[in-house]
Amino acid sequence: MNLFEWGTFTSHAGKQLDFKIECDAFSPDDWDCLARMVVSRLFKPFSHAEGIPRGGVPFAEAMNKYASGDENDMPMICDDIWTTGTSFKDYMNEKYPMALAGWGHRWVVFQRGPNQTLNSCRALFKLQGVD
């Protein structure tokens, strides 16, 4: 399995893409390394990590090793790739319908589309030209 695949793909939001980032190619050690990279960039603790199914689950599992366990801290919402933000918006509406738009820590490994004003996240890696 390759991390990158060239071809025609459809995103979670239905957007046509000309390449795919296949994060299933990451090993558990890769996820652990990515989690440590995020932790080194955090400025506040997080209570626990939650992964947006399905790509965010292994990322959240790796992040939970660094969770504070303190319910007064906000959770970390994780996903593998940000393209349009639809999966984050859907997840937050389902799990935290009363939360403010910017509530919680939000991280992805790759960002391939722009953040939205009220629905944004931080990314370890951004594709060039993405704001």
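Computed from a prediction, not measured in an experiment: that's the story for all the values here.

1. What to know about the overall build of the protein
At step 1: Check the secondary structure of the protein and you find three helices and six strands.
At step 2: Seen in sequence order, the protein has helices and strands lined up from the N terminus as β-β-α-β-α-β-α-β-β.
At step 3: Against the 2.2 N^0.38 benchmark of 14 Å for 131 residues, the protein shows a C-alpha radius of gyration of 14 Å, consistent with a compact globule.
At step 4: Evaluated residue by residue, the protein yields a buried proportion of 40% over its 131 residues.
At step 5: In the protein, once contacts between residues fewer than 6 apart in sequence are set aside, the share between residues at least 24 apart is 57%.
At step 6: For the protein, the accessible surface area stands at approximately 7600 Å², while carbon and sulfur atoms represent 52% of it.
At step 7: Taking the 13 positively charged and 17 negatively charged side chains of the protein as two groups, their mean positions are separated by 6 Å.

2. Comments concerning the pattern of salt bridges
At step 1: Inspection of the entire model under this criterion finds four salt bridges.
At step 2: Note that D32 is salt-bridged to K65, the shortest N-O span being 2.5 Å. Pair noted here: D32 is in helix α1 (residues 28-39) and K65 is in the loop between α2 (56-63) and β4 (76-82), with a separation of 33 residues, a long-range link.
At step 3: The exposure class of D32 is partly exposed, given its relative accessible area of 24%.

3. With respect to the nonpolar core
At step 1: With 21 residues, the main nonpolar core has W31, F59, M63 and M76 as its most contacted residues.
At step 2: Counting only elements with at least two residues in this core, the list comes to β2 (16-21), α1, α2, β4 and β5 (105-111).
At step 3: The residues touching W31, leaving out its near neighbours within four places in the chain, are C23, F26, G55, P58, F59, A62, D80 and V109.

4. Thoughts on the packing of aromatic side chains
At step 1: In total, this model carries eight aromatic pairs according to the counting rule given.
At step 2: A ring pair is formed by W6 and F19, whose centres lie 6.2 Å apart and whose planes are at 10°; its orientation type is stacked. Here the residue W6 occupies a position in strand β1 (residues 4-10), and F19 occupies one in strand β2, the gap between them amounting to 13 residues.
At step 3: When its relative accessible area of 70% is taken as the criterion, W6 is described as exposed.
At step 4: The buried category is assigned to F19, whose relative accessible area is 18%.
At step 5: Taking 5.0 Å as the distance between ring centres and 80° as the angle between the ring planes, the aromatic pair formed by F26 and W31 counts as edge-to-face.
At step 6: Owing to a relative accessible area of 16%, F26 belongs among the buried residues under this scheme.
At step 7: You can call W31 buried: its relative accessible area is 5%.

5. Some points on the environment of K95
At step 1: Secondary-structure assignment places K95 in helix α3 (residues 86-95).
At step 2: In sequence terms K95 and H12 are 83 residues apart; their C-alpha atoms lie 18 Å from each other.

Cut-offs used in this document
Residues numbered from 1 in each chain as written. Predicted model: local features only at pLDDT ≥ 70, side-chain atom pairs only at ≥ 80, totals over all residues. Heavy atoms only, no water. Helix = DSSP H or I, 4+ residues; strand = E, 2+ residues; numbered from the N terminus. Rg over C-alpha atoms; globule rule 2.2 N^0.38 Å. Buried < 20%, exposed > 50% of the residue type's maximum accessible area, 1.4 Å probe, protein only. Contact = heavy atoms within 4.5 Å. Areas by Shrake-Rupley, 256 points an atom, 1.4 Å probe, with all protein chains shown as cover. Lys, Arg positive; Asp, Glu negative; His and termini not counted. Charge placed at Lys NZ, Arg CZ, Asp CG, Glu CD. Salt bridge = Lys/Arg side-chain N within 4 Å of Asp/Glu carboxyl O. Core = buried A, V, L, I, M, F, W, Y, C linked by side-chain atoms within 4.5 Å. Phe/Tyr/Trp six-rings, centres within 6.5 Å; stacked < 30°, edge-to-face > 60°.

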